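Observations on the three-dimensional arrangement
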Amino acid sequence: MQTQQEKRTAVFRGVAASPGIAIGRAFHFDHLESQVALYKLSGKSHRSDEVKRFRSAVAASIRQLREIRRKLGRLKGMDPLYILDVHILLLKDRSFLNQVTSFIRTMGVNAEWAVRMAIDNYRQIFDRVEDEYIRGRFSDIQYAGQRILRNLGGVHRGALPDLAEGVIVIASDLSPADTAQMKIDRVQGFAIDMGGKTSHTAIVARSLEIPSVLGLEKITRIVKTNDDLIIDGSAGLVIVHPD
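This report concerns the structure included in the present document. In this text, all values refer to a predicted model and were calculated from it rather than measured experimentally. (Residues numbered from 1 in each chain as written. Predicted model: local features only at pLDDT ≥ 70, side-chain atom pairs only at ≥ 80, totals over all residues. Heavy atoms only, no water.)

1. Looking at the overall build of the protein chain
A tally of regular secondary structure across the protein chain gives nine helices and eight strands. Expressed as a percentage of its 243 residues, the buried residues of the protein chain come to 48%. Here the contacts in the protein chain between residues at least 6 apart in sequence split such that 68% fall between residues at least 24 apart. Working note: accessible area of the protein chain is about 12600 Å², and carbon and sulfur atoms make up 51% of it. (Helix = DSSP H or I, 4+ residues; strand = E, 2+ residues; numbered from the N terminus. Buried < 20%, exposed > 50% of the residue type's maximum accessible area, 1.4 Å probe, protein only. Contact = heavy atoms within 4.5 Å. Areas by Shrake-Rupley, 256 points an atom, 1.4 Å probe, with all protein chains shown as cover.)

2. Things to note about the layout of surface pockets
Left-over empty space is what a probe sized like a water molecule reveals as it rolls over the atoms. Computed from the structure, the largest pocket encloses a volume of approximately 500 Å³. Arg135, Gly136, Ser139, Met194 and Gly195 are the residues nearest the centre of the largest pocket, which is lined by 25 residues in total. Counting only elements with at least two residues in the lining of the largest pocket, the list comes to α4 (111–127), α5 (132–136) and α6 (138–152). Of all the elements, α6 adds the most residues to the lining of the largest pocket, at five residues. A breakdown of the residues in the lining of the largest pocket according to their chemical character gives seven nonpolar, ten polar and eight charged. (1 Å grid on protein atoms, 1.4 Å probe; cavity = no way out; pocket = protein on both sides within 12 Å on 5 of 7 lines; lining within 4 Å. Points joined across faces, edges and corners; volume = space filled by probe spheres on them. Nonpolar A, V, L, I, M, F, W, Y, C, P; charged D, E, K, R; others polar.)

3. Overview of the sheet that holds strand β6 (residues 212–214)
The strand order across the open sheet built from eight strands is β1-β8-β7-β3-β4-β5-β6-β2, with neighbouring strands paired in mixed fashion. Pairing within the sheet leaves two strands with one partner each, and these edge strands are β1 (10–13) and β2 (15–18). Neighbour to neighbour, the strand axes of the sheet diverge by 30° on average, direction disregarded. Pairing geometry for strand β7 (residues 228–232) and strand β8 (residues 237–240), over four bridges, is antiparallel. (Pairing = 2+ DSSP bridges. Axes fitted to C-alpha atoms, helices over the stretch in contact; angles between N-to-C directions.)

4. Let's talk about the packing of α4 against α6
Between α4 and α6, the shortest axis-to-axis distance is 10 Å and the interhelical angle comes to 175°. In terms of orientation, α4 lies roughly antiparallel with respect to α6. Judged by residue contacts, Ala111, Glu112, Val115, Arg116, Ile119, Tyr122, Arg123 and Phe126 of α4 engage Phe138, Ile141, Gln142, Gly145, Ile148, Leu149 and Leu152 from α6. Of the residues contributing to the contact of α4 with α6, the split by class is ten nonpolar, two polar and three charged. (Parallel < 35°, antiparallel > 145°, perpendicular 65-115°, else oblique.)

5. Thoughts on the side chain of Asp173
Inspection of the secondary structure puts Asp173 in the loop between β4 (167–171) and α7 (176–181). It turns out Asp173 is buried and unbridged, and the closest side chain with the opposite charge, Arg123, is 9.4 Å from it. A polar atom in the side chain of Asp173 sits 3.1 Å from the side chain of Tyr143. (Lys, Arg positive; Asp, Glu negative; His and termini not counted. Salt bridge = Lys/Arg side-chain N within 4 Å of Asp/Glu carboxyl O. Polar contact = N/O pair within 3.5 Å; in protein donor to acceptor, adjacent residues only side chain to side chain.)

6. A short note on the environment of Gly14
Position of Gly14 among the secondary structure elements: in the loop between β1 and β2. Here the alpha-carbon distance between Gly14 and Gly233, two residues 219 residues apart in the chain, equals 9.2 Å. If we skip the residues at most four places from it in the chain, Gly14 touches Val213, Leu214, Gly215, Leu216 and Gly236.

7. Concerning the packing of helix α1 (residues 44–72) against α6
Orientation of α1 relative to α6, taken along the N-to-C sense of each, is 115°, at an axis distance of 8 Å. Every pair of crossing elements has a handedness; the one defined by α1 and α6 is right-handed. Packed against α1, whose contacting residues are Arg53, Phe54, Ala57, Val58, Ala60, Ser61, Gln64, Leu65 and Ile68, the element α6 presents Arg147, Ile148, Asn151 and Leu152 at the interface. Of the residues assigned to the contact of α1 with α6, the class counts are eight nonpolar, three polar and two charged. (Left-handed = near helix turned anticlockwise from the far one by under 90°.)

The structure is reproduced here in structure tokens:
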């Protein structure tokens, strides 16, 4: 087995999203958007029960975001709480809610699959938008959908488990709510596959003064939990196994 000293140092360049230096061990964060299974519902009563299950998951999602917002309201420097308000509004959007409900009732599919279908419909709409900034706002719909899927799956937990020391979070993507909630936990920095300077995740990270590099594309496939890292959020660099 290789020791930490025997592992070769590697440097990766991404988007300098939030300035500062962080040195610590990596922690892989799984936002739990696992493959969504499809199953068919038989009978009107089963479909009605599935609609109720969906609405219950939406209500739980709204409560969770409001609780995160309440806790973060006490943190100095946490200005962009409006981003969480945007996600709460998306969870209340009648067009989205009616679309998911319609899929469940007319097609007889489970709530998870109906949510995925609705998100994919929005993806097609946003992909046709020429403005890059507006096109990038599709991620907010994804984040709202991911939280519903978590609650449909019965997952109730904080952003991170209890940690003995600060970590540098490695993830394919992070929602602004997860990013903000991690301020409460022990997080020193972020190294993320996706995102850019104008993403809401980057805005939250800058507000919380957490060094972050986004747009790394494949960092989650290279870095393992407990790997030593240096994050340079000003230069957009991640150093893995620094000597």
